[in-house]
Amino acid sequence: MAIHNGDIADALNELADILDVEGANSFRVRSYRDAARTLRGLSREAADMVERGEDLSDLPGIGSGIASKIRELVETGKLSQLESARERTSPELVSLTEVDQLGPKRVKKLHEVLGVEGPAQLKQAAEQGRIASVEGFGKKTEKRILDELERLEQTPSSQRFTLDRAEETTEPLLAYLRGLDPAGNVTAAGSYRRRRETVGDLDIIITTDDPDRIMEAFTEYENVDRVAARGRTRSTVVLISGMQVDLRVVEPESYGAALYYFTGSKAHNVATRKIAVDRGWKMNEYGLFDGKRRLAGRSEEELFAAIDLAPIPPELRENRGEIDAARDNRLPHLLTESDIRGDLQTHTDATDGQLPLEEMVEAAVKRGYEYYAVTDHSKRVSVAGGLDADALRRQHKSVDRLNERLAKEGKEIVVLRGVEVDILQDGTLDLPDELLAACDLVVASIHYDREMSEEKMTERILRALDNRCVNILGHPTGRMIGEAREPMRFDVQRIMRAALDRGVFLEVNAQPERLDLSDIHCRRAKEMGLKLAVSTDAHTASHLSYMKYGVAQACRGWIEADDVINTRPLPALRKLLER
DNA sequence: GCCGTTTTCGGCCCGACTGTTTTCAGTCG
């Protein structure tokens, strides 16, 4: 299987972008985007479905036309329509729509009137004052384009923030806004509230008696870099961090409706709005209405109840089946942080962690954990000072001593003797089996030789899973968000099936730049009954709090406490670790 | 291009804000 859902989605989105600039029917353009979104959210590979001869047009937003394009991509690796579109309209020109305030219509116009082909010519035209003379443009727009181009040269557009960085920016701003009007509601909506792995911009919903004062204070917040728009109900600023923030002031009776509307996702909202429309009602950010009569809007619960849905947690609002589940009362009881009884991947200063074992365990005690696995690197990870067999034995002896001391002190935590052993290039492990067998817990991970064919990588991981000492496959895809470290290519479905057969668990690594498995993969694991370990991979005490990101990611994959091994009491966990 | 228990044709979410207009188009979310 060579082509993955993400590749197909990229191709369809690119085609949509080009058609958009060419002035194609906007609904047709949207169809391609909808289909791309469906593919991204799919827990199965479309290529698999094609090979099995299944009907792709059964999928939402995919009809016979796009289905045949997907088949072409799967079978030939190319999309002829996309290739000819690229020849007609250059990707350079299409990229101009990334410039703020430039959409497909304006780009098309600039191309037709001024012959602009890309960013360089756009800048030249703006500097020479030729843009202002184009119909529909003016001096202000020209200036904005120029400013935006200069900004883009310094920081690339469409910057997204990992959740931890988004929190650093968001929480102080929320505290500031709450301080302005303690009686009002202030909530961050959008992908931040849905706990997506990255956040593009921020939507804050606020209720207040004094919108003018709040808007003024918002635009004068100390971390504001520039004000992009300022109105009575909506203002937009860009913070110094680069994060764009929209603040929306709403009436209390619309608070739930606005929160719901701006939490999204878009696809989810469209689907629930349709339920309202089918009943002859209207749903928007102000409420649910029957004609002029308001049926609901003060709270999200009120809205859900009015359209006969169980309340859907924000993490699930992606239009991936949650609406049907809510209607039939079979939404999952999502995992919570308090379900977690221990951390199953952590490091110490014996390798690349920052703190000694004792201090890490102390922090784990503070979190109320029942168990805590220390899993330092093995020797292959030389940059981290990975442990050889002797060093690991010594560490395990000190774990034993620590456990004795903790028991004497009456601390209710058990430290598990673990290791994060490297999976070598040929799929063998970096430490001898007899030593691994003596561990309470073995996490096996890949850190090196990430570039190999999909087939070889699959075989490599399969071989590692065959080793009966292995309990958990650590950060399974090896991706790093925002660092352009793409996931390693292997047959995820086959690895998951093999792990299930062999009693191996897959990790949800809670490091905010990893979050590996992804939400989609978590969902796939759940569907096949494969259990997961949510672990922080902590390298210092404060990292233990990353657990919340791992839990959120799992929730986005519909994971419940029963799907996660480190929700079990220690005896039950130990049983699961026997293979 | 997709979709259908008012439909196989004719819809497809819609409101705020801005800038360029003189009543509205484009963009964004």
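Anything mentioned here points back to the structure above.
Residues numbered from 1 in each chain as written. Chains lettered and ligands numbered in written order. Predicted model: local features only at pLDDT ≥ 70, side-chain atom pairs only at ≥ 80, totals over all residues. Heavy atoms only, no water.

### Quick word on the protein's contact with DNA strand B
Item 1. In the vicinity of DNA strand B, 46 residues are found, and the nearest of them are R30, G63, G103, G138 and Y286.
Item 2. If you look at DNA strand B and keep only atoms within 4 Å of the protein, 76% of those are sugar or phosphate atoms.
Item 3. Contact between DNA strand B and R230: a phosphate oxygen at 2.8 Å from a main-chain N or O atom of the residue.
Item 4. In this structure, a phosphate oxygen belonging to DNA strand B sits 2.7 Å away from a side-chain N or O atom of Y286.
Item 5. A total of five residues in the surface near DNA strand B trace back to one element, the largest contributor, which is helix 2 (residues 26-40).
Item 6. Here the surface near DNA strand B is built from residues that sort into 12 nonpolar, 14 polar and 20 charged. (Near = heavy atom within 4 Å. Polar contact = N/O pair within 3.5 Å; in protein donor to acceptor, adjacent residues only side chain to side chain. Helix = DSSP H or I, 4+ residues; strand = E, 2+ residues; numbered from the N terminus. Nonpolar A, V, L, I, M, F, W, Y, C, P; charged D, E, K, R; others polar.)

### Let's talk about helix 17 (residues 357-366)
In an α-helix, one turn spans 3.6 residues, which is why side chains three or four residues apart end up on the same side.
Item 1. Buried residues of helix 17: L357, M360, V361, A363 and A364, and no others. Along the long axis of helix 17, the arc covered by the buried residues comes to 155 degrees, so they all point the same way.
Item 2. Each element contacted by the buried residues of helix 17 is listed here: strand 12 (371-374), helix 18 (389-408) and strand 13 (414-422).
Item 3. Once helix 17 ends, the next one or two residues include G368, with phi positive near 80 degrees. (Buried < 20%, exposed > 50% of the residue type's maximum accessible area, 1.4 Å probe, protein only. Arc of directions from axis to C-beta. Contact = heavy atoms within 4.5 Å.)

### Section: the sheet that holds strand 8 (residues 282-284)
Item 1. The antiparallel open sheet is built from three strands, whose spatial order is 8-9-10. Edge positions in the sheet fall to strand 8 and strand 10 (293-296), since each of these pairs with one other strand and no more. For this sheet, the mean angle separating the axes of adjacent strands, direction not counted, is 35 degrees. (Pairing = 2+ DSSP bridges. Axes fitted to C-alpha atoms, helices over the stretch in contact; angles between N-to-C directions.)

### Remarks on the pattern of salt bridges
Item 1. In total, this model carries 48 salt bridges according to the counting rule given.
Item 2. A salt bridge links R193 to E300; the nearest nitrogen and oxygen atoms lie 2.9 Å apart. With R193 in helix 11 (residues 190-194) and E300 in helix 15 (residues 300-306), this pair connects stretches of sequence that are 107 residues apart.
Item 3. The partner of D212 in a salt bridge is R232, with the nearest N and O atoms 3.1 Å apart. You can see D212 sitting in helix 12 (residues 211-219) and its partner R232 sitting in the loop between strand 5 (224-230) and strand 6 (234-239), a full 20 residues away along the chain.
Item 4. Its relative accessible area of 43% is what places D212 among the partly exposed residues.
Item 5. Taking relative accessible area as the criterion, R232 reaches 54% and is therefore assigned exposed.
Item 6. Connected through salt bridges with shared partners, the residues R194, E318, R320, D519 and R556 form a single ionic network. (Salt bridge = Lys/Arg side-chain N within 4 Å of Asp/Glu carboxyl O.)

### Points about the pairing of strand 16 (residues 505-509)
Item 1. Of all five residues making up strand 16, five are buried, and the element is well covered by its neighbours.
Item 2. As paired elements, strand 15 (residues 472-473) and strand 16 share two bridges and run parallel to each other. Among the inter-strand pairings, L473 is bridged to a residue of strand 16, identified as L506.
Item 3. Each parallel crossover has a hand, and for strand 16 linked through helix 22 (residues 519-528) to strand 17 (residues 532-535) it is right-handed. (Right-handed = clockwise from strand over helix to strand, strands pointing away.)

### Quick look at the packing of helix 1 (residues 5-21) against helix 2
Pairs of packed helices are described in terms of their axes, by the angle between the two and the distance that separates them.
Item 1. Between helix 1 and helix 2, the shortest axis-to-axis distance is 8 Å and the interhelical angle comes to 165 degrees. Between helix 1 and helix 2, the angle falls in the class roughly antiparallel. In this structure, helix 1 crosses over helix 2, and the sense of that crossing is left-handed. In this structure, helix 1 uses N5, G6, I8, A9, D10, L12, N13, L15, A16, D17, L19 and D20 to contact helix 2, whose residues at the interface are R28, V29, Y32, R33, A35, A36, L39 and R40.
Item 2. Counted by class, the contact of helix 1 with helix 2 contains 11 nonpolar, three polar and six charged residues. (Parallel < 35°, antiparallel > 145°, perpendicular 65-115°, else oblique. Left-handed = near helix turned anticlockwise from the far one by under 90°.)

### So, unusual backbone geometry
Item 1. That bond from G264 to S265 is cis: its omega, -5 degrees, falls within 30 degrees of zero.
Item 2. Residue placement: S265 occurs in the loop between helix 13 (255-263) and helix 14 (266-278).
Item 3. Its identity is not glycine, yet L515 carries a phi of approximately 40 degrees, on the positive side.
Item 4. Structurally, the position occupied by L515 is in the loop between strand 16 and helix 22.
Item 5. Of note in this structure, D537 is not a glycine but carries a positive phi near 60 degrees.

### A few points about the state of the cysteines
Item 1. If you walk through the whole model with that rule in mind, you get zero disulfides.
Item 2. There is no disulfide at C469, and the cysteine sulfur nearest it, in C439, is 8.2 Å away. (Disulfide = S-S within 2.5 Å.)

### What about the packing of aromatic side chains?
Item 1. Inspection of every chain in the model, using the stated rule, returns four aromatic pairs.
Item 2. Pairing Y261 with F262 gives two aromatic rings, centres 4.8 Å apart and planes at 75 degrees, and the pair type is edge-to-face.
Item 3. On the basis of relative accessible area, F262 is assigned to the buried category, the value being 13%.
Item 4. Its guanidinium or amino end placed over the ring of F137, R106 lies 6.0 Å from that ring's centre, counting from NZ or CZ.
Item 5. When the ring centre of Y448 is taken as reference, the NZ or CZ atom of R380 above it lies at 3.9 Å. (Phe/Tyr/Trp six-rings, centres within 6.5 Å; stacked < 30°, edge-to-face > 60°. Lys NZ or Arg CZ within 6 Å of the ring centre and 35° of its normal.)

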